[in-house]
2 protein chains.
Amino acid sequence: MKDYIRIHPWEIREEGWNPQLNRVSESLFSIGNGRMGQRGNAEEDFSGDTLPGSYIGGVYYPDKTRVGWWKNGYPEYFAKVLNALRWQAISLKVNGFRIDLASEHCRTKVFRRSLNMQEGWLGRMWEFNLPDGTALRIESKRCCHMEHKDLGVLQYRISSDRKIRVEADIYLDADVRNQDANYDEVFWEAHESGISSGHMPWLRHQTRKTGFRVLGAQRCRAAIQGRSQSLTFHHQPLRAGALLDCELEAGLVLDIEKFAAVLSDLHHAPDAFVSAAEKLLNSAVEQGAEALFESQAAAWARIWQEADMEIEGDDAAQQGIRFNIFQLFQTYTGDDARLNIGPKGFTGEKYGGSTYWDTEAYCLPFYLGCADPSVSRNLLLYRYKQLDKAIENAQKLGIGKGAALYPMVTMNGEECHNEWEITFEEIHRNGAIAYGIYDYVRYTGDEAYVPAYGLEVLIAIARYWAQRVSWSKPRGQWVMLGVTGPNEFENNVNNNWYTNYLAAWCLRYAAEQLELVKHKYPQDWQRIAAKVGWNDSETARWADIASNMYYPTDPESGLFLQQDGFMDKELIPVSELSPAERPIVEHWSWDRILRSCYIKQADVLQGFYFFEDDFDRETLRRHYHFYEPLTVHESSLSPCVHSILAVAAGLPDKAYEFYLRTARLDLNDINNDTRDGCHITSMAGTWMTIAKGFAGMRVRGQHLHFEPALPAAWQRLAFQLRFRGNVLRIALRRGAHELHNLEGGDITVFVSGNKVQVPAGSKVQLA
Amino acid sequence: MKDYIRIHPWEIREEGWNPQLNRVSESLFSIGNGRMGQRGNAEEDFSGDTLPGSYIGGVYYPDKTRVGWWKNGYPEYFAKVLNALRWQAISLKVNGFRIDLASEHCRTKVFRRSLNMQEGWLGRMWEFNLPDGTALRIESKRCCHMEHKDLGVLQYRISSDRKIRVEADIYLDADVRNQDANYDEVFWEAHESGISSGHMPWLRHQTRKTGFRVLGAQRCRAAIQGRSQSLTFHHQPLRAGALLDCELEAGLVLDIEKFAAVLSDLHHAPDAFVSAAEKLLNSAVEQGAEALFESQAAAWARIWQEADMEIEGDDAAQQGIRFNIFQLFQTYTGDDARLNIGPKGFTGEKYGGSTYWDTEAYCLPFYLGCADPSVSRNLLLYRYKQLDKAIENAQKLGIGKGAALYPMVTMNGEECHNEWEITFEEIHRNGAIAYGIYDYVRYTGDEAYVPAYGLEVLIAIARYWAQRVSWSKPRGQWVMLGVTGPNEFENNVNNNWYTNYLAAWCLRYAAEQLELVKHKYPQDWQRIAAKVGWNDSETARWADIASNMYYPTDPESGLFLQQDGFMDKELIPVSELSPAERPIVEHWSWDRILRSCYIKQADVLQGFYFFEDDFDRETLRRHYHFYEPLTVHESSLSPCVHSILAVAAGLPDKAYEFYLRTARLDLNDINNDTRDGCHITSMAGTWMTIAKGFAGMRVRGQHLHFEPALPAAWQRLAFQLRFRGNVLRIALRRGAHELHNLEGGDITVFVSGNKVQVPAGSKVQLA
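Residues numbered from 1 in each chain as written. Chains lettered and ligands numbered in written order. Predicted model: local features only at pLDDT ≥ 70, side-chain atom pairs only at ≥ 80, totals over all residues.

1. Remarks on the overall build of chain A
Counted only if it meets this: Helix and strand labels come from DSSP, where a helix needs a run of H or I of at least four residues and a strand needs a run of E of at least two; each type is numbered from the N terminus. Based on C-alpha atoms, the radius of gyration is set beside the globule rule, defined as 2.2 Å times the residue count to the power 0.38. Comment: burial labels come from other C-beta atoms within 10 Å of the residue's own C-beta, placed from the backbone, where a count of 20 or more is buried, 12 or fewer is exposed, and between is partly exposed. By the criterion used throughout, residues are in contact when their C-beta atoms, derived from the backbone, lie within 7 Å.
Assigned secondary structure in chain A consists of 19 helices and 31 strands. Whereas a compact globule of 767 residues would reach a radius of gyration of roughly 27 Å, chain A reaches 27 Å, a difference of no more than 12%. With respect to the principal axes defined by its C-alpha atoms, chain A has extents near 85 × 60 × 55 Å. By residue count, 55% of the 767 residues in chain A fall in the buried class. In chain A, 67% of the contacts between residues at least 6 apart in sequence involve partners at least 24 apart.

Next comes the structure, spelled out in structure tokens:
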């Protein structure tokens, strides 16, 4: 828990230089535009503790798997989005002193980093003295441009209280490594470098093994009082830039503007790399940094228009949700179905930038609510395109006949994870992929997605479950042995209730969608049936399994049990654990965690979250009261689901507590791990906490429902939602709500159970 | 399954050069003397497929742990007995051609490797042509000397059909690496090298990190028809030797004798390394190779006198058991309590040469039966000396108060293994340590071991179990959650019957021994009670747990279940598996194995083996018939226990089948893994199969019992046993047994239930 970020509705600000917090700040001050991003690393040379990180979406390296003891079925590699070109680099000497925030001879007086979330840029102000008494001030401002996705812009200003000599190398640096590399390999190799048109240094390099080709190029200018300073250009295999050597009079400002192009062969033909960069950078130079920051702000204004959530009366909560939304759109903008959302986005190396079930369970509802449906559809298509690999993956695990097991962690559809209890057994992820399709279709109404793409995925997933279950003779029911549920503090358990429930649901949903396509889209059905080699007997087996699935239940209380044998554990509430032993994952050995009753994140309750309408409120309440006290919430994905359920269970204070824990998880470094990067996917959970929790938004049938229950401190909550053809603005106050139908035709919604008609274009006030 | 080793009662022989089998043969033709050993690698340069291996007992390297995902409690390193000085090296050129078995220009005509088990040496005969038409014959013979434990002896003879030029470097090679190195590190560093007394090249070097110091030194002579050939000596940091350059007339023999000293600081002061080597090698040179091979044969004759098992009528069985006994004594001779028995002995790198529970469960009974009791006592003392580390190990896993958890894999008492399901959960090993004490005391009658050493270990182990269990409210019994039993094809199960049973037994046995020491050895008790901080309430808790332990049982059949939920599995006998899918560990993914019913090695049946007298024969039979058909025997430790139980269950054919599978496991490379080394610890199981299986030997109360049941083909089985003060020779024939009391006073034994008195020194015939 840290508390050094100033509360402000639109800004993230750190005052003072905190070297011991630098990695945390670097994570928080990350910037990105969905295509590329970077941590808040310094521009200058930096000798202190840092995690350097610049990333290009979709450009990864297959890092050879490292395990202690190989098990059959482990993947050969872990695909990692790798640390890439550091485009913001400026190596600086003043009066012969190397400028380095961490160096002793830079005596910091004032230091401020700030993230302007409204306008989408990272700023820094630094005042310090050199050993010769010189007082310096450096101001910088940079962004990954939201409109020009391959463009980075940096404004860098130096001034002093006396005349100084400034030597600078304003350069591109591709000589970078990952701190997370299994065998300390270098991931990049140089291709070629050069100076184009006499002023554009560039570097061509590529990833080893995967051969992704990248070009970095830059243009820059340096001026004092509008007077251009001359630059000389240099290039080496992995470094190229412009050298500046000038004198700066006291009180004047040396104004450097740097424009960097980062092109990859995902978006550009390598043959045309240099000319594309030239075009982009010429235009950038022409516009100038100021104008580019303006268009950046305009692009963000459009995003905020659609996605902002306004909270009045609670600035900490306001800052939290904005930071979360800001980071989400920095990570993923949805214009490229090859990309997905890594748990750390562009803010760190952990989890390798790969895709997890977080996407379907957490991120999808966010993008459904506040982005064009094409964004969510791209998330779904990502999985559709990887169906073949998921079928191969199931085959590797001995489950054939067109069954698919989507990987736990993936970049290109191949499994990357290598712990057997996760890789092979945390199979509920497969259900989340199916649930994502369900969620998308019911939210957008885009039924046509099912015959076009969805059904193939649903059939393959259903086929997996149909083979993965086994028949228990003594129980006379279908069981699912050897799984790991969402609560990863249990491994290789039998009959995880959530997994069994989800599997049965998948079987029923796939059968139902299959029937729908068969009758409503017969041509599609013909194509699909041929493609998947359909056999009509399959649905009978699916129905049998779905209706004869075994669910572990406590005979005494009637509670659904997380898994077989759960009641054999000693059930001691988390509140009785010594704080010195928290988080248990850092203090207890793994076996002790496994045999304890402690739950890492919602497991049975994840089922209640997904399938809320299958259970009455009383049943929900009883399960909440049984499981939540045993839950340590040591996954960032835990508080948000518990917050939503706490609202439903009538526990508003708990819900608010969980809200802050998810909304300010990184801002307050609550789990003491923000240094590794921000928890991007759980940030979508924060949005859900507000939309589904405090606003009580649900889709039932064809309609949106709201059941507002604002936290005590909140005077007003307002946000916008896309729902099918409509765009709806919802403003909630205690007992005085307003619905504004901004786009689309008339719409009927339900608020606290009451039917409300909101005609096209009009506002409705509710008492 | 391979079948290229000729059946012979005393010899292991390979005829012909089989490059594709070379690694297997290298394992089979390993030699050793308990202190050092080596694989059957060629003397000459070798460019083919090989696993070079020379090892020094107790000299290890802490190889930094490699895991995919770190879990709290994992050890920092895996201690590995490392590949060491290659003392047999001879680099040879004839007529300018480099001699190399794998080289194309050595056209092999005759090739033979043979292990003379009776006399303890490895021989090789090789006839081949060079491209120039020269026909060469090389004969070599070498041993690790059984009397002079630091001495290696090599006799090497070259002859040809024409006059040849021979250039040889007869050298010591410390520039060696492990193939199994987690980060490809070099484990050795050079210290110093030199030539002593003008004719003894030597190398001092040491292991990195652990700093074990080793000296290699050699003396050699080369002669043609008694005419000494001149040698020149050389030394470099990791290589030193003698160069020979001579002409050899057709039909004459160049006779090279090489004596190598391998000294480690485990046995010699490094300051005196060179003088100790000089003394050893001068004496060796003086005696000459012939005489040393004679004393080697004499030392082996003494071992065979005591440990041989003679089988008449079944040479395959005879060869198998002798090979097993031979390898065991090559690995461990019991004169050093710092050493133990790695699963591969000195025959390979796998398992790092570390100690497993194999020692207590398999090797101890062997050494009890056919070696001086000091040998077994040293095996027990090894664990006693590591008690403090075992206590630390338990603390690391959150179990304190003087409780000990012995490591799964260790060199110096610290845990080396790093798979959570084994390291943290395969805790039944702790019970085997206690069972070893019980086994030793009842076999040797050395009750005094308990107050002197044993009780401290028993208390610490009992304390572990007393904390490791937990109370199940619904069952009203003690349960043991999250364990891995001997069947490692199940992980993290609840209530493994074997573990629960063994834990309860440990608690009772520790309490019983504690009472005995308290009353019979009160002074020892005072010392122990003070040392362990004894609290009298502990035994009450132990008794409560032991008597209220939960044992999973099938309500329908009354069978003990391997673990909770076992009957939920689909129970399809192994016989119905496709041979193409065997061994399943190579063909199935780990999750599929885990959720299957297939058993890697005896689990419930291991309990029946340990605690046979707790159950009647009918109960044993029923469990055997339930579990054996589900057992894939993919551990080398599986067939032996099943063989013994099959005899007890009245299934002699099955018992014989399992016997051959264990006795000839490596000779026939049954598990297709002998290339990595021989299965040394399971070789002790082969001995048990004969002693406890076919001879039906048991200790009950104060007496030895026999229940002979010879396989149909065996006309006679004879072996010797130490039992307490006696040495007994047992010769069994179908219905005509003979007992010979070779040493000690009168003894009473039971044969097939009949009491037999065998007076001191006399023979008794039984009809």
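2. A few points about the environment of Ile572(A)
When you line up the elements, Ile572(A) lands in the loop between α12 (537-547) and α13 (584-587). Note: C-alpha distance between Ile572(A) and Leu630(A) (58 residues apart in sequence) is 7.3 Å.

3. Here we look at the relation of the copies chain A and chain B
The following threshold applies: Least squares is the method used to superpose the copies, on C-alpha atoms of residues holding a pLDDT of at least 70 in both.
Take chain A, turn it by 180 degrees, move it 0.1 Å along the axis, and it overlays chain B with an RMSD of 0.1 Å. Such values leave the two copies arranged in the relation of a two-fold axis. Distance from the rotation axis, computed per C-alpha, reaches its smallest value in chain A at Val67(A): 2.2 Å. A share of 100% of the interface residues of chain A reappears at the interface of chain B, consistent with the copies meeting face to face through the same patch.

4. Re the interface of chain A and chain B
We apply this condition: Put simply, Ala, Val, Leu, Ile, Met, Phe, Trp, Tyr, Cys and Pro go in the nonpolar bin, Asp, Glu, Lys and Arg in the charged bin, and everything else, Gly too, in the polar bin.
Across the contact, 42 residues belong to chain A and 42 residues belong to chain B. Breaking the side of chain A that touches chain B down by element, the ones donating at least two residues are β22 (470-472), α13 and α14 (590-595) of chain A. Among the elements that line the side of chain A that touches chain B, the one with the most residues is α14(A), at five residues. Here the side of chain A that touches chain B is composed, by residue class, of 14 nonpolar, 14 polar and 14 charged.

5. Notes on the sheet that holds strand β27 (residues 726-733) of chain A
All names here are of chain A. The cut-off we apply is this: Strand pairing is assigned whenever DSSP identifies at least 2 bridges connecting the two strands. Note on geometry: axes are C-alpha line fits, over the in-contact stretch for helices, and angles between N-to-C directions span 0 to 180 degrees.
The five strands lie next to each other as β21-β26-β27-β28-β31, forming an open sheet whose pairing is antiparallel. Unpaired on one side and paired on the other, β21 (309-312) and β31 (763-766) mark the two borders of the sheet. For this sheet the average axis-to-axis angle between neighbouring strands, irrespective of direction, equals 15 degrees. Bridging between strand β28 (residues 737-743) and β31 involves four bridges; their strand directions are antiparallel. Counterpart to Glu738 in the pairing with β31 is Gln765.

6. Here's the deal with the nonpolar core
Selection criterion: The term nonpolar core means buried Ala, Val, Leu, Ile, Met, Phe, Trp, Tyr and Cys residues held together as one set by C-beta atoms within 7 Å.
Among the nonpolar cores identified, the biggest contains 474 residues, and Ile461(A) and Ile461(B) are the most heavily contacted of them. Among all residues touching Ile461(A), those that are not within four sequence positions of it are Ala404(A), Asn430(A), Ile433(A), Ala434(A), Cys506(A) and Ala510(A).

7. Quick notes on the confidence of the model for chain A
Low pLDDT means the predicted coordinates in that region are not meant to be read closely. Filter applied, for reference: Scored between 0 and 100, pLDDT is the confidence that the predictor attaches to each residue.
Averaged over every residue, the pLDDT of chain A is 97; residues scoring 70 or more account for 100%. Among the prediction metrics, the complex's ipTM stands at 0.93, with pTM recorded as 0.94.

8. Here's the deal with the packing of helix α8 (residues 428-444) of chain B against helix α10 (residues 497-520) of chain B
Residue and element names in this part refer to chain B. Note the cut-off: These descriptions rest on fixed angle ranges, namely under 35 degrees for roughly parallel, over 145 for roughly antiparallel, 65 to 115 for roughly perpendicular, and the rest for oblique. Handedness of a crossing is defined here by the sense of rotation of the near helix relative to the far one, left-handed for an anticlockwise turn of less than a right angle and right-handed for a clockwise turn.
Running from N to C, α8 and α10 point in directions that differ by 45 degrees, and their axes come no closer than 9 Å. Taken together, the axes of α8 and α10 lie oblique to each other. The way α8 lies across α10 gives a crossing that is left-handed. Here His428, Gly431, Ala434 and Tyr438 of α8 lie close against α10, whose contacting residues are Tyr498, Thr499, Leu502, Ala503, Cys506 and Tyr509. For the contact of α8 with α10, the residue count by class is seven nonpolar, three polar and no charged.

9. Some remarks on helix α17 (residues 638-648) of chain A
In an α-helix, one full turn covers 3.6 residues, which means residues spaced three or four apart are oriented alike. All names here are of chain A. Taking burial as the measure, the 11 residues of α17 include 11 buried ones, the bulk of the element. For α17, the full list of buried residues reads Ser638, Pro639, Cys640, Val641, His642, Ser643, Ile644, Leu645, Ala646, Val647 and Ala648. Those residues of α17 that are buried lie in contact with α15 (604-610), α16 (617-627), α18 (652-663) and α19 (680-694). Gly650 sits one or two positions beyond α17 and adopts a positive phi of about 80 degrees.

10. Side note on the sheet that holds strand β3 (residues 36-38) of chain B
The antiparallel open sheet is built from three strands, whose spatial order is β2-β3-β4 (chain B). The sheet terminates laterally at β2 (31-32) and β4 (54-56) of chain B, the two strands that pair on one side only.

11. Re the environment of Glu612(B)
Along the polypeptide, Glu612(B) turns up in the loop between α15 (604-610) and α16 (617-627). In sequence terms Glu612(B) and Ala371(B) are 241 residues apart; their C-alpha atoms lie 25 Å from each other.

12. Notes on the pairing of strand β15 (residues 200-207) of chain A
Residue and element names in this part refer to chain A. Taking burial as the measure, the eight residues of β15 include eight buried ones, the bulk of the element. Every second residue of β15 is oriented toward a common face, with Met200, Trp202, Arg204 and Gln206 on one face and Pro201, Leu203, His205 and Thr207 on the other, all of them buried. Here strand β14 (residues 188-196) hands over to β15 after three residues, with Ser197 in that stretch at a positive phi of 50 degrees. Pairing of β15 with strand β16 (residues 213-224), which is carried by five bridges, proceeds in the antiparallel orientation. Bridged to Trp202 within β16 is Ala217. In sequence, β15 turns back onto β16 through a hairpin of five residues, with Lys209 there showing a positive phi of about 65 degrees.

13. Some thoughts on the domain arrangement of chain A
Rule in force here: Marked domain ranges trace back to an automatic or database domain assignment.
Taken domain by domain, chain A comprises domain 1 (36-307), domain 2 (310-687) and domain 3 (725-766). Between the C-alpha centres of domain 1 of chain A and domain 3 of chain A the distance comes to 46 Å.

14. A word on helix α6 (residues 387-396) of chain B
Residue and element names in this part refer to chain B. Here is the rule: As used here, the arc is the angular range of directions from the helix axis to the C-beta atoms.
Within α6, the full set of buried residues consists of Leu387, Ala390, Ile391, Asn393 and Ala394. Each buried residue of α6 sits inside an arc of 155 degrees when the element is viewed along its axis, so together they form one side. Against the buried residues of α6 lie α5 (373-385) and α9 (449-468). Following α6 by one or two positions, Gly398 adopts a phi angle in the positive range, close to 85 degrees.

15. Here we look at unusual backbone geometry
The omega torsion across Arg582(A) and Pro583(A) is -15 degrees, close enough to zero to call that bond cis. Topologically, Pro583(A) is positioned in the loop between α12 and α13. Unlike most non-glycine residues, Ser197(B) shows phi in positive territory, near 50 degrees. Examined against the element boundaries, Ser197(B) turns out to sit in the loop between β14 (188-196) and β15 (200-207). You can call Ser197(B) exposed: it has 10 C-beta atoms within 10 Å. A positive phi angle, near 45 degrees, is found at Asp669(B), a position not held by glycine. Inspection of the secondary structure puts Asp669(B) in the loop between α18 (652-663) and α19 (680-694).

16. Considering the environment of Asn496(B)
Residues and elements named next belong to chain B. Position of Asn496 relative to the elements: it lies in the loop between β23 (477-479) and α10. A residue is classified by how many C-beta atoms lie within 10 Å of it, and Asn496, with 31 of them, is buried. Sequence spacing of Asn496 and Leu263 is 233 residues, and the spatial spacing of their C-alpha atoms is 46 Å. If sequence neighbours within four positions are ignored, Asn496 has contacts with Val483, Gly485, Gln562 and Gln563.

17. Re the pairing of β28(A)
Residues and elements named next belong to chain A. In this structure, β27 lies alongside β28, joined through five bridges in antiparallel fashion. Opposite Ala731, over in β28, you have Glu738 as the bridge partner. The antiparallel pairing of β27 with β28 creates a hairpin that spans three residues between the two strands, and Gly735 there sits at a positive phi of about 70 degrees.

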